[in-house]
Amino acid sequence: MIRLRLRGPGGLKNVAFESSATAAALLAEASQVAQSENGNIVILAGFPPAELKLDEADTRPLSALVQTGDTLTVKPATTAPPTTAPPATAPPATAPPATAPPATAPP
């Protein structure tokens, strides 16, 4: 049995999974806690918190991702609008290289 705490926008929820549960089971439970309208969520685990990359087809065992007693933070994913690169500009003109004065021979 794997017991986890899921912290989401609505508060904290204690959940238990069978030892044979997969990452997809965690994702399904976390989606409810995150209260995401579109189903896109972010799950953070560990310290410092790092994102767990999961999807519905993930068949990895849950025990390979988390440990009993872990607290995971779940939240709706925020998708930032794509940023556009600034227009390319020509590099600034540079002065031609200075020429060295001619070498003078010693008298």
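Before going into details, it helps to say that this report is about the structure given with it. The residue numbers shown here count from 1 along each chain, following its written sequence. Under the rules for a predicted model, residues below a pLDDT of 70 receive no local features and side-chain atom pairs below 80 are neither given nor counted, while totals for whole chains, interfaces and linings still include all residues. Think of the side-chain values as coming from all heavy atoms in the structure, minus any hydrogens and water.

Turning next to the sheet that holds strand β3 (residues 41–45). On the basis of which strands lie adjacent, the open sheet formed by five strands has the order β2-β1-β5-β3-β4 and mixed pairing. Only two strands of the sheet have a single neighbouring strand rather than two, namely β2 (11–17) and β4 (50–52). Pairs of neighbouring strands in the sheet enclose a mean axial angle of 35 degrees, with direction left out of account. Any two strands between which DSSP finds at least two bridges are classified as paired. Note on conventions: DSSP H or I runs of at least 4 residues are helices, E runs of at least 2 residues are strands, and numbering of each starts at the N terminus. Here three bridges tie β3 to β4, and the two strands are oriented antiparallel to one another. Bridging across to β4, A45 finds its partner in A50. Each axis is a line fitted through C-alpha atoms, taken for helices only over the stretch in contact, and angles between the N-to-C directions span 0 to 180 degrees.

Attention now goes to helix α1 (residues 23–34). Over its 12 residues, α1 runs 16 Å from end to end, which matches the ideal 16 Å to within 8%, given 1.5 Å per residue. Among the residues of α1, A23, L26, L27, E29, A30, V33 and A34 are the ones counted as buried. Here, two residues are considered to be in contact whenever any of their heavy atoms come within 4.5 Å of each other. On the buried face of α1, the contacting elements are β1 (2–8), β2, β3, β4 and β5 (71–76). One or two residues past the end of α1 sits Q35, with phi positive at roughly 55 degrees. In this scheme, a helix's expected span is set at 1.5 Å multiplied by one less than its residue total. Burial classification: accessible surface area is computed with a 1.4 Å probe over protein chains only, and a residue below 20% of its type maximum counts as buried, one above 50% as exposed, and the rest as partly exposed.

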